[in-house]
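An overview of the molecular structure
As a plain string of letters, each chain reads:
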Amino acid sequence: MSRSTAISRRGLLIGAAAAATLPRLATAQSADAVRWSAGTAPPAAKAPPKATDCHFHTYDSNYPAAPGATLTPPDASPNDYMALRRRLGTTRGVLVTPSTYGTDNSLQLASMKALGPDNFRMVAVVAEDVSDAELKRLDSLGARGVRFNLPFPGPLSVASLEKLSARLAALGWHCEINMRPQQLEAAQDMLSRLPSRIVIDHLGALPAEGLKSASYAIIRRLLDKGNTWVKLSGAYLTSKSPYAESAAITAAYVRAAPERAVWGSDWPHPTRKADDKPDDAELFDLMANAMPDQAALQRVLVSSPAELYGFPT
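This is a predicted model, so every value here is computed, not measured.

Remarks on the layout of surface pockets
Here the largest pocket is characterised by a volume of approximately 320 Å³. Forming the boundary of the largest pocket are 21 residues, of which Phe152, Asn178, His202, Leu237 and Thr271 lie nearest the centre. At the level of secondary structure, the elements contributing two or more residues to the lining of the largest pocket comprise strand E4 (143–149) and helix H9 (235–238). Residues belonging to the lining of the largest pocket are distributed by class as follows: ten nonpolar, eight polar and three charged.

Here it is in structure tokens:
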């Protein structure tokens, strides 16, 4: 099914129900070109006011990469991201410290300040023995969680989750987890015991079996327990355009727990080469088309991120 066909089937739902949404650029010719994003047209689906992109990064070669970092993408600035925000029609966002910088959160903090702390939050990376004072400092600056990016070399391990979860829960923070399927299977019992909220990155990075995989069954059990959230992000990591497999996974998560699903662009798509970036408007529409109704779209883009990241309601 083509993207245009999929969108047309939802025209009445997204178009008529979103009459009060943000202004949109009407044509591809008037849309912003965005660095590190394919395509130029805005999404067909309209973002509601205060729509939130819950996962993106900035990069700057003036900030040194951590020793052993395996991903060192080219610069991607707050100004570059603002072009994406205009194209998608979003309002709020959540910066996530990438593996490139280890426990140095200074670039994402500076980017959050440049973008406007009223509308932006961040997920930090810290050492396992981080001090209470540092956690409180980051909290005062807008951090609301710690990322455990476990497929990549870094300062945190699977064992770090148990050591940090209670401390993060005391702040109202969450553990944001990116795991390979085999890591998830090995850690499932421990994950169910964590006292803090946990957020599963990138649709759970499901293997080829998708909804029939052991990973999906584990994530569903965690979702049903009520302390787990999932990011509807990284569709291009699981399947290729038009992302049929990722669309099915997204819809399944929304059916299971629409109040604990959030969406993220994953811009500037650091695992993809410069000439192989996905179309962010297509990814946005994939998420929007998975919603059963406008109320679910509002939950995923506005009310659920407000609860998870502490945005004003």
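From this point on, the discussion continues.
Things to note about the sheet that holds strand E3 (residues 120–124)
One open sheet accounts for eight strands, arranged E1-E2-E3-E4-E5-E6-E7-E8; its pairing is parallel. Taken across any chain shown, the strands that pair with only one partner, and hence form the sheet edges, are strand E1 (52–56) and strand E8 (261–263). Geometrically, the sheet is characterised by an average inter-axis angle of 25° between neighbouring strands, direction not taken into account. Strand direction decides the pairing type here: E4 and strand E5 (residues 174–178), joined by five bridges, are parallel. What sits directly across from glycine 145, in E5, is histidine 174. Its contacts with the sheet put helix H12 (residues 294–309) on E1, strand E2 (92–96), E3, E4, E5, strand E6 (197–200), strand E7 (228–232) and E8, and the angle it makes with E8 is roughly 105°.

Some remarks on the pattern of salt bridges
On inspection of all chains with the given rule, the structure shows 14 salt bridges. Here glutamate 176 makes a salt bridge to arginine 147, at a shortest N to O gap of 3.6 Å. In this pair, glutamate 176 sits in strand E5 while arginine 147 sits in strand E4, placing the two residues 29 residues apart along the sequence. The class of arginine 147 is buried, set by a relative accessible area of 5%. One network of salt bridges, with partners in common, ties together Arg147, Glu176, Asp201 and Lys231.

Here's the deal with unusual backbone geometry
The amide bond that connects serine 241 to the next residue, proline 242, takes the cis arrangement and shows omega of 10°. Tracing the backbone through its elements, the reader meets proline 242 in the loop between H9 and helix H10 (244–256). The step from tryptophan 267 to proline 268 runs through a cis peptide bond, and the omega angle for that step is 5°. Of note, proline 268 is situated in the loop between E8 and helix H11 (280–289). The phi torsion at tryptophan 36 lies on the positive side, around 65°, for a residue other than glycine. Mapped onto the secondary structure, tryptophan 36 falls in the loop between helix H2 (11–17) and E1. A relative accessible area of 16% places tryptophan 36 in the buried class. At histidine 202, a position not held by glycine, the phi torsion is positive, near 50°.

Description of H10
Taking 1.5 Å per residue, 13 residues should reach 18 Å; H10 reaches 19 Å between its end C-alpha atoms and fits that length. Residues of H10 that are buried include every one of Ser246, Ile249, Thr250, Ala251, Ala252, Tyr253 and Val254, and no others. The inward-facing, buried residues of H10 abut helix H8 (214–225), E7, H9 and H11.

Describing the pairing of E2
With five of five residues buried, E2 lies mostly within the body of the structure. Pairing between E1 and E2: three bridges, direction parallel. Within the sheet, the bridge partner assigned to phenylalanine 56 lies in E2 and is leucine 95. For the handedness criterion, the β-α-β arrangement of E1, helix H3 (residues 78–88) and E2 is classed as right-handed. In this sheet, E3 lies alongside E2 in parallel orientation, the contact comprising four bridges. Paired with leucine 95 across the two strands is methionine 122, which belongs to E3.

Quick notes on the nonpolar core
Grouped together as the largest cluster of nonpolar side chains are 78 residues, with contacts concentrated most on Phe148, Leu161, Leu191, Leu232, Tyr253, Met287 and Met291. Contact partners of leucine 191, with chain neighbours within four places excluded, come to Leu161, Ile177, Met179, Leu184, Ile198 and Leu222. Val96, Val199, Trp229 and Val262 belong to the second largest nonpolar core, which has eleven residues in total.

Each value, and the rule that gives it
- In this convention, every chain numbers its residues from 1, walking through the sequence in written order.
- Local features in this predicted model are restricted to residues of pLDDT 70 or higher, and side-chain atom pairs are both shown and tallied only at a pLDDT of 80 or more, whereas totals for entire chains, interfaces and linings draw on every residue.
- Just so you know, side-chain values use all the structure's heavy atoms and leave hydrogens and water out.
- Here a cavity denotes a set of grid points, spaced 1 Å apart and computed over the protein atoms alone, in which a 1.4 Å probe fits but from which it cannot get out, and a pocket denotes an open set meeting protein on both sides within 12 Å along at least five of seven lines; residues with an atom within 4 Å of a point are reported as lining.
- Grid points are joined across faces, edges and corners, and a volume is the space filled by probe spheres set on the points.
- Only DSSP runs of H or I with at least four residues qualify as helices, and only runs of E with at least two residues qualify as strands; both kinds are numbered from the N terminus onward.
- Lys, Arg, Asp and Glu make up the charged group, whereas Ala, Val, Leu, Ile, Met, Phe, Trp, Tyr, Cys and Pro make up the nonpolar group; the residues left over, Gly among them, are polar.
- Any two strands with at least two DSSP bridges between them are considered paired.
- Axis geometry follows a simple rule: fit a line to the C-alpha atoms, using only the stretch in contact for helices, then measure angles between N-to-C directions, giving values from 0 to 180 degrees.
- Here, two residues are considered to be in contact whenever any of their heavy atoms come within 4.5 Å of each other.
- By salt bridge we mean one thing: a side-chain nitrogen of Lys or Arg within 4 Å of a carboxyl oxygen of Asp or Glu.
- Summary of the burial criterion: residues with accessible area below 20% of their type's maximum are buried, those above 50% are exposed, and those between are partly exposed, where the area comes from a 1.4 Å probe applied to protein chains only.
- Expected helix span is computed as 1.5 Å times (number of residues minus one).
- Here the term right-handed applies to a crossover when the path leading from its first strand over the helix to its second strand runs clockwise, the strands being oriented away from the viewer.
- Working definition of a nonpolar core: buried Ala, Val, Leu, Ile, Met, Phe, Trp, Tyr and Cys residues. They are joined through side-chain atoms within 4.5 Å.

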